[in-house]
Every structure is written in C-alpha cells, then in structure tokens.
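Now for the letters of each chain:
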Amino acid sequence: MKINAFADVSLRAVMVMAAVPDGQLLTTQAVADAVGTPYNHVSKAMVRLRELGLIDVERGRLGGSRLNAAGRRATVGQLLRQLDNRQDPAECQSPNGDCPLITECGLRHAMSRAREAFYRELDVVVISSLPHTRQMTPVFQTIGLRPEFRAPEPKLDPALTPSA
C-alpha cells in the first residue's frame, strides 16, 4: 500500500522531532532541512500535527515546535489513519465519473479492508521509537545541532523481536 506525500512528510517530521532531546524546539525550517522537503510542505504538515495534538508550538523569535507526550506515544497506524484523506482506496469515484461497477462491487470493500489491515500492522510501531543515532546524527549536523548529539536508541518491543 502506498501512503500519500503529505503523510510521508508528516511521519518524517515527527521522527525528526522525536530524536531531539525532550523540550528542545525545532523551527519549521530546520525540520524541512532535516527531511529534505520544501518549507511550504513541511509547514502544512506541522499545522496538521498541531491540530492533531501531537506537537506543541511556541511562537516568537526563539520559538519552534516540539513533540509532546501524545506525539511520543503516537503510532504509525494511528497517524496514517488521520492523514489519509482518500475516501476511496480503489478510486471508484472520480471527477470523470464513477465506475459503472460501483453499485455491487466487492473490490471496493476488499480494498477498504486491506487498507485497515495495513494500518493495523502499523499500530504497533511507535513513531518516536524509529529514529536511531546513526540515522539522525548526520541529519542534525546538517541543520546545525551540536555534533555530540546522540539520538535515543529505539526501544525494542520484546513481542516484535525475533527469538534467537
């Protein structure tokens, strides 16, 4: 299953904010630079993340955004459900007209069930557990955070770890 570009940018923004020390603010420009996405796209994602109650924002010259407690607990599945604005996963309805098979179509319902199964699999993945030191240290160096910064190591869920 493919996620939309907005959800992708939003997930990456949350990952970057999850990797900074608790309480540290990041500007939207710093997040945009860290995820390699234009400022305007990241700005829209940050507005939506704030509306969802996942980040706190402080305005002003020294302001920025930080991941709050709800954001640190959020899972990939939860976030994608809220960011996926596609009503019809099979695109049965379009501006050019509806599919002639739409009235009794089993595919449309199967695609909806598949999308929910996709989200359910991602419900166990806490976004803030994804960033790791090797991944984030070079990213943070490029946006001017101190080189000695160390991202938190992911906390592995024993239930998800393969047994040796």
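Every chain is numbered on its own, with residues counted from 1 as its sequence reads. For a predicted model such as this one, the threshold for reporting local features is a pLDDT of at least 70, and the threshold for listing and counting side-chain atom pairs is 80 or more; totals across whole chains, interfaces and linings nevertheless cover every residue. To obtain the side-chain values, all non-hydrogen atoms of the structure were used and water was disregarded.

**Student:** Could you give me a rundown of the overall build of the protein chain, with the residues and numbers involved?
**Tutor:** Segments assigned H or I by DSSP are reported as helices when at least four residues long, segments assigned E as strands when at least two residues long, and all are numbered from the N terminus. Looking only at helices and strands, the protein chain has seven helices and two strands in total. The secondary structure elements of the protein chain, listed N-terminal to C-terminal, are α-α-α-β-β-α-α-α-α. Using a 1.4 Å probe on the protein chains alone, a residue whose accessible area is under 20% of its type maximum counts as buried, one over 50% counts as exposed, and one in between counts as partly exposed. Across the 164 residues in the protein chain, those meeting the buried criterion constitute 37%. When contacts within the protein chain are restricted to residue pairs at least 6 apart in sequence, those whose partners lie at least 24 apart make up 64%. Here the Shrake-Rupley method, with its probe set to 1.4 Å, supplies the accessible areas, and only the displayed protein chains count as covering residues. Split by element, the accessible area of the protein chain, about 10200 Å² in all, is 54% carbon and sulfur. Contacts between residues were defined by any pair of non-hydrogen atoms, one from each residue, lying within 4.5 Å.

**Student:** Residues and numbers for the packing of helix H2 (residues 28-35) against helix H3 (residues 39-51), please.
**Tutor:** Close contact between H2 and H3 brings their axes to 9 Å; oriented N to C, the two are set at 115°. Crossing handedness for the pair H2 and H3: right-handed. Residues Thr28, Gln29, Val31, Ala32 and Val35 of H2 lie in contact with H3, whose contacting residues are Tyr39, Val42, Ser43 and Met46. Looking at the contact of H2 with H3 residue by residue, the class counts come to six nonpolar, three polar and no charged. The axes used here are C-alpha line fits, helices contributing only the stretch in contact, and every angle between their N-to-C directions lies in the interval 0 to 180 degrees. Each crossing gets its handedness from the near helix: less than a right angle anticlockwise from the far helix is left-handed, clockwise is right-handed. In this classification, the charged set is Asp, Glu, Lys and Arg, the nonpolar set is Ala, Val, Leu, Ile, Met, Phe, Trp, Tyr, Cys and Pro, and all remaining amino acids, among them Gly, are polar.

**Student:** Go over the packing of aromatic side chains with me, naming the residues and quoting the values.
**Tutor:** Each Phe, Tyr or Trp ring (for Trp, its six-membered ring) is paired with any other whose centre lies within 6.5 Å, and the angle between the two planes then decides the class: stacked below 30 degrees, edge-to-face above 60, tilted in between. For the coordinates displayed, the defined rule picks out one aromatic pair. Ring geometry for phenylalanine 118 against tyrosine 119: centres 5.9 Å apart, planes inclined by 50°, an arrangement best described as tilted.

**Student:** If you had to explain the environment of valine 125 to someone new, which residues and values would you point to?
**Tutor:** For valine 125, the position within the fold is in the loop between helix H6 (106-122) and helix H7 (133-142). Placed 50 residues apart in sequence, valine 125 and threonine 75 show a C-alpha to C-alpha distance of 5.3 Å. Those residues in contact with valine 125 that sit more than four places away from it in its chain are Ala74, Thr75, Val76 and Leu130.

**Student:** So what's going on with the nonpolar core? Residues and values would help.
**Tutor:** Remark: nonpolar core denotes a set of buried residues (Ala, Val, Leu, Ile, Met, Phe, Trp, Tyr, Cys) joined through side-chain atoms within 4.5 Å. Core analysis: the largest hydrophobic core is formed by 34 residues, its most contacted members being Met17, Met46, Leu49, Leu79 and Ile127. Taken together, the elements giving at least two residues each to this core come down to helix H1 (5-19), H2, H3, helix H5 (76-83) and H7. Setting aside anything within four residues of it in sequence, one finds leucine 49 in contact with Ser10, Ala13, Val14, Met17, Leu54, Ile55 and Leu79.

Fair warning: the whole summary comes from geometry, so function is off the table for now.
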